[in-house]
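Here are the chains, one letter per residue:
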Amino acid sequence: MPALADPEFAPVAAESDSEGYARIDENPFRLAAAAPLSTFSIDVDTAAYANVRRFLTSGALPPADAVRIEELLDYFDYDDAPPQNGEPFAVHADVTECPWAPEHRLVRVALKAHEIPASARPRGNLVFLVDVSNSMNQPNKLPLVKSALKLLAKQLREDDRVAILVYASASGVVLPPTTGDRSAEIVVALDRLEAGGSTNGGAGIDSTSASRATANSRA
């Protein structure tokens, strides 16, 4: 990793000043004898890895608060063994020397639950509310959303339903509840999305509520 002083990798302003990150305060060291219990979340988020990679590949260091260590670690598949004998989850722990402070130890605690086969999942009823305002008119925004939804369309089953709504200066339904076997129609609806206008999130939420009610009535 280049040094922070390297001008080629100097931090840059967020694109259009529209990106913001919640502040991350580093946890202080705590004496285990005084604080023997610790809790941690079991949900898995991986978005920070792709976001950090985006900054680095563009030749810039990411903002400090965009670097979420747990999400970078969770991005990778560790092939941990699943639970056995009816247990709800398995616990795995690894201990290693800390590279930047050899007198310390790093501990990785991993939980592995049972994996549900894709064929066993319940049918999906998906409604996507997509911001198509002018702020989304950047390669890593609306075009990226469209690419991701096209990948999803290829994985839908016949009994799945998906609807797409948009909001900007005006809001509305661009894809009514559509079954997963009609992927071509879903892709055509996505290709029609273009960014422009101001943001009107409230109208988009109202449209989403109406679409969900329609989808549920057809289910």
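The structure this text deals with has already been given above.
What this report covers is the structure whose coordinates are included nearby. This structure is a prediction, so every number in the text was calculated from the model and none was measured.

### Comments concerning the layout of surface pockets
Thinking step 1. Its volume calculated, the largest pocket comes out at about 2,800 Å³.
Thinking step 2. Among the secondary structure elements, those contributing two or more residues to the lining of the largest pocket are helix 2 (69–74), strand 1 (89–97) and strand 2 (105–113).
Thinking step 3. Considering every element that reaches the lining of the largest pocket, the biggest residue donor is strand 2, with nine residues.

### Some points on the nonpolar core
Thinking step 1. Val130, Val132, Leu175, Ile186 and Leu190 are the most contacted members of the largest nonpolar core, which has 16 residues in total.
Thinking step 2. Looking at this core, the elements with two or more residues in it are helix 3 (142–153), strand 4 (161–167) and helix 4 (183–191).
Thinking step 3. The contact partners of isoleucine 186, leaving out residues within four places of it in the chain, are Ala153, Leu156, Val162, Leu175, Thr178 and Thr179.

### Re the sheet that holds strand 4
Thinking step 1. Reading across from one edge, 3-4-5 is the order of the three strands in this open sheet, with mixed pairing throughout. Two strands in the sheet have a free side with no partner beyond their single neighbour: strand 3 (125–131) and strand 5 (171–179). Averaged over neighbouring strand pairs, the angle between their axes works out to 15° when direction is ignored.
Thinking step 2. Across the face of the sheet, helix 4 comes into contact with strand 4 and strand 5 while running at roughly 165° to strand 5.

### What to know about the pairing of strand 4
Across a regular strand the side chains alternate sides, sitting on one face of the sheet and then on the other.
Thinking step 1. Burial analysis of strand 4 places six of its seven residues in the buried class, the great majority of the element.
Thinking step 2. Direction of pairing for strand 3 relative to strand 4: parallel, over a ladder of seven bridges. Considered in strand 4, the bridge of leucine 129 is made with leucine 165.
Thinking step 3. Taken together, the six bridges between strand 4 and strand 5 define a ladder with antiparallel strand orientation. Bridged to tyrosine 167 within strand 5 is serine 171.

Scoring rules and cut-offs
Residues take numbers from 1 onward in each chain, read along the sequence in its written order. Two thresholds apply to this predicted model, a pLDDT of at least 70 for residue-level local features and 80 or more for giving and counting side-chain atom pairs, whereas whole-chain, interface and lining totals are computed over all residues. Side-chain measures were taken over the full set of non-hydrogen atoms in the model, leaving aside hydrogen atoms and water. Lining residues are those with an atom within 4 Å of a point, where the points come from a 1 Å grid over the protein atoms alone and group into cavities, where a 1.4 Å probe fits but cannot get out, or pockets, open sets with protein on both sides within 12 Å along at least five of seven lines. Grid points are joined across faces, edges and corners, and a volume is the space filled by probe spheres set on the points. Strands here are runs of E lasting at least two residues and helices are runs of H or I lasting at least four, both read from the DSSP assignment and numbered beginning at the N terminus. Only buried residues count toward a nonpolar core, which is a set of Ala, Val, Leu, Ile, Met, Phe, Trp, Tyr and Cys residues joined through side-chain atoms within 4.5 Å. Type-normalised accessible area, obtained with a 1.4 Å probe on protein chains alone, sets the label of each residue: buried when under 20%, exposed when over 50%, and partly exposed for intermediate values. Whether two residues are in contact is decided by their heavy atoms, any of which lying within 4.5 Å being enough. We call two strands paired when DSSP finds no fewer than two bridges between them. Fitted lines through C-alpha atoms give the axes, limited to the stretch in contact for helices. The angle between two N-to-C directions lies from 0 to 180 degrees.

Function-wise, these values are silent; they only describe arrangement.
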